[in-house]
Amino acid sequence: MAPSGVMKGSTTKQIFINFLFGLLFGTVFTHILMRFSDDGAAGNGFFAGVDSIYDQTVKFDAHDPHGAHIEVNDRNKVSQEELSRFSAHKHDVLLGENALNSRMFDQVRVLCWVMTNPANIQSKAAHVKATWAGRCNKVLFVSSQFTDFPTIAVVDHEGREYLWQKTRGAFQYIYDHHLQDADWFLKADDDTYVIVENMRKLVSQYEPSQPIYFGRKFKPYVAQGYMSGGAGYILSREAVKLLVEKGFQDPKLCRQGTYVGGAEDVEIGRCLMNVGVKAGDSRTGVRETFHPFVPQQMIVPNILPKKFWYWSYNFYEAKEGPECCSDYSVSFHYVAPNMMYQLEYMVYHLRPFGVGYYTCPADIRSIIGLPADVPQALQGPSNPEKKQAAAEQPEQAEPDPGKQESAKQEEHPKEGVASGPEAAKKEPPAGAEQKDGGGEKQEEKPKV
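Criteria and thresholds
Within every chain, residues take consecutive numbers counted from 1 along the sequence as written. Per-residue local features are limited, in this predicted model, to residues with pLDDT of at least 70; the limit for side-chain atom pairs, both in listing and counting, is 80 or more; totals at the level of whole chains, interfaces and linings are taken over all residues. In computing side-chain values, all of the structure's heavy atoms are included and hydrogens and water are not. Here a strand is any run of E in DSSP of at least two residues, a helix any run of H or I of at least four, and the numbering for each starts at the N terminus. Each residue is placed in one exposure class: buried if its accessible area under a 1.4 Å probe, protein chains only, is under 20% of its type's maximum, exposed if it is over 50%, and partly exposed if it falls in between. Residues are treated as being in contact if the distance between any of their heavy atoms lies within 4.5 Å. Areas reported as accessible are Shrake-Rupley estimates using a 1.4 Å probe. Residue values count occlusion only from the protein chains shown. Each residue gets a pLDDT score, which is the predictor's confidence in that residue and runs from 0 to 100. Note on patches: the residues involved have over 30% relative accessible area and no salt bridge, like charges join within 9 Å, and the nonpolar side chains Val, Leu, Ile, Met, Phe, Trp and Tyr join within 5 Å. Salt-bridge detection follows one rule: a side-chain nitrogen of Lys or Arg within 4 Å of a carboxyl oxygen of Asp or Glu. Whenever a helix is involved, its axis is fitted only over the stretch in contact; in every case the axis is a line through C-alpha atoms, and angles between N-to-C directions fall within 0 to 180 degrees. Angles below 35 degrees are treated as roughly parallel, those above 145 as roughly antiparallel, those between 65 and 115 as roughly perpendicular, and all remaining angles as oblique. Classification used: nonpolar for Ala, Val, Leu, Ile, Met, Phe, Trp, Tyr, Cys and Pro, charged for Asp, Glu, Lys and Arg, polar for all others including Gly. The span expected for a helix works out to 1.5 Å for each residue beyond the first. Pairs of cysteine sulfur atoms within 2.5 Å are what we label disulfides. When two rings of Phe, Tyr or Trp (its six-membered ring) have centres within 6.5 Å they constitute a pair, described as stacked for plane angles under 30 degrees, edge-to-face for angles over 60, and tilted for the intermediate range. Either the NZ atom of lysine or the CZ atom of arginine qualifies as a charge over a ring when it sits within 6 Å of the ring centre and within 35 degrees of the ring normal.

Let's talk about the overall build of the chain
And then number 1: Across its full length, the chain holds 15 helices and 14 strands.
And then number 2: Buried residues in the chain amount to 41% of all 448 residues.
And then number 3: Intrachain contacts of the chain at a sequence separation of at least 6 include 72% that bridge at least 24 residues.
And then number 4: Accessible area for the chain stands at about 25,200 Å²; split by element, carbon and sulfur atoms hold 55% of it.

Some details on the confidence of the model for the chain
And then number 1: In this model, the chain carries an average pLDDT of 76, and 61% of its residues clear a pLDDT of 70 or more.
And then number 2: Overall, residues 374-399 carries pLDDT values under 50, and its contacts beyond four positions in sequence, including any with other chains, amount to 32 contacts.
And then number 3: The model gives residues 403-448 a pLDDT under 50, and that stretch makes 31 contacts with residues more than four places away or in other chains.

Comments concerning a nonpolar patch on the surface
And then number 1: Together, Phe16, Ile17, Phe19, Leu20 and Leu23 make up an exposed nonpolar region whose accessible area comes to about 510 Å².
And then number 2: Counting through the fold element by element, Leu20 comes out in helix H1 (residues 4-41).
And then number 3: Using a relative accessible area of 41% as the deciding quantity, one classes Leu20 as partly exposed.

Quick word on the packing of helix H5 (residues 163-177) against helix H7 (residues 237-247)
Each packed pair of helices is defined by two parameters, the angle between the axes and the distance between the axes.
And then number 1: Axis separation between H5 and H7 bottoms out at 10 Å; the angle between their running directions is 105°. Classified by the interaxial angle, the pair formed by H5 and H7 is roughly perpendicular. Across the interface between the two elements, Phe171, Gln172 and Tyr175 from H5 touch Val240, Lys241, Leu243, Val244 and Glu245 from H7.
And then number 2: Classifying every residue of the contact of H5 with H7 gives five nonpolar, one polar and two charged.

Topic: H5
And then number 1: Taking 1.5 Å per residue as the helical rise, H5 with its 15 residues ought to reach 21 Å, and the 21 Å between its terminal C-alpha atoms agrees with that figure.
And then number 2: Of the positions making up H5, those classed as buried are Leu163, Trp164, Gln165, Lys166, Thr167, Arg168, Gly169, Ala170, Phe171 and Ile174.
And then number 3: As for H5, its buried residues are in contact with strand S4 (110-115), strand S5 (138-143), strand S7 (184-189), strand S12 (233-236), H7 and helix H8 (264-274).

Some thoughts on the state of the cysteines
And then number 1: Taken as a whole and assessed by the stated rule, the structure comprises three disulfides.
And then number 2: Between the sulfur atoms of Cys254 and its disulfide partner Cys271 the distance amounts to 1.5 Å. Looking along the S-S bond of the Cys254-Cys271 disulfide, the torsion reads about 60°, which is the right-handed sense. Taken together, the residues Cys254 in the loop between H7 and H8 and Cys271 in helix H8 connect sequence positions 17 residues apart.
And then number 3: Overall, Cys254 belongs to the buried group, its relative accessible area being 3%.
And then number 4: The buried category is assigned to Cys271, whose relative accessible area is 1%.
And then number 5: Sulfur-sulfur distance for the disulfide between Cys324 and Cys325 comes to 2.2 Å. The sign of the -90° torsion about the S-S bond sets the Cys324-Cys325 disulfide as left-handed.

A few points about the packing of aromatic side chains
For any pair of aromatic rings, geometry is given as the distance between the ring centres together with the angle between the planes.
And then number 1: Counted by the stated rule, this structure contains 20 aromatic pairs.
And then number 2: Centre to centre, the rings of Trp113 and Phe171 are 5.6 Å apart; their planes meet at 85°, and the pair counts as edge-to-face. With Trp113 in strand S4 and Phe171 in helix H5, this residue pair connects regions lying 58 residues apart in the sequence.
And then number 3: Seen from their ring centres, Phe293 and Tyr310 are 5.7 Å apart, and the 70° between their planes marks the pair as edge-to-face. Here Tyr310 lies in helix H10 (residues 309-313) and Phe293 lies in the loop between strand S13 (278-279) and helix H9 (295-299), a separation of 17 residues in the sequence. Across this residue pair, the class does not change: Phe293 and Tyr310 are buried.
And then number 4: Here a set of aromatic residues connected by ring pairs shows up, and it is made of Phe218, Tyr221, Tyr226, Phe293, Phe308, Trp309, Tyr310, Trp311, Tyr313 and Tyr334.
And then number 5: Geometry around Tyr348 places Arg135 over its ring, the cationic atom sitting 3.5 Å from the centre.
And then number 6: Positioned above the aromatic ring of Phe248, the side-chain terminus of Arg168 is 4.3 Å from the ring centre.

Given below as structure tokens:
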């Protein structure tokens, strides 16, 4: 039988060891839990799921941009009636904005192809179709099945490992059937939102005959950089020609159509570099135009943790806050259907009074080089009362001292100006349409 002192010593030692082990385990577990909770709160933990105000769950891999994807939940279901009502919500056009848009639409033709799949037609693609896609000159929805949505099939299977095959198939299809239908060719996902007019502005500075493409430029894997697939990228016609005629014919330049795996944006970037297509700079100054996340995650500081892959992938220094994004931004990614309509309203319907729009008959024709006979449809909202008032407004004649003295006697005692119905009934002075008593009629210059 062991002495009681020995037993007491052994028990105390065991308790102490157990205490140290529990303390160590608790510390490590708490550290891990806090780390993943912090990352997950921002939607950026290791495969963290975040059900946010955008009614979507975005699953991110903290170290791999190609491991992320979006899951749309039931709250994103929008009826066909609601889609129709939103599409019918149009504002009267204003002379300056619409005349310029119409000119750009004709002169900078863009074909947009949207990558989707049969499971996403109604939950995602339908909302792209109802919002921004209609502003492209032509739009194709690329899938693995032909449907009357319509979609075209360029592969016979789905899955992230087949995205390169689908991308390659889409550009081959465009080359075979639509190469002359557009000058520029945009690839986007079915959770990408695009401001097409800003995209036209960007590429209008270049010729379709230049071998170049644009997007959000990342720097790993490809020497000249490659463009984020989710944010979208746009190729010139010459770039598409080189891609298909040269790249797709040589397995040393581009992956073959049977290749499984890889990231489609990296593969297309490598292929385009190998055939001599330049990865262009799409920024406005130092501000980016193509964005791989929704506006909140781009604009609000500290949402994306500093250890997140985004900060090390950007070709140019990434910025937070107002400096993150150009006023002429082109795209945002991981946009759930409900947010598609939020962005649609904010971009195309919300208008701050007196800011950024022509509300007077400015000489916009000379500004944008339009011919004098601009169609009536482009001349803005009709307001018969304002048009009549403008037509009746006389040219100012040389001041008449006698009439000035008479007018002073009729002035309002406090305001000093004529007002009310009587002021509107005054007849224009004789010879008001002539200056210095004769000569040709002087045209009134528009007020801007």
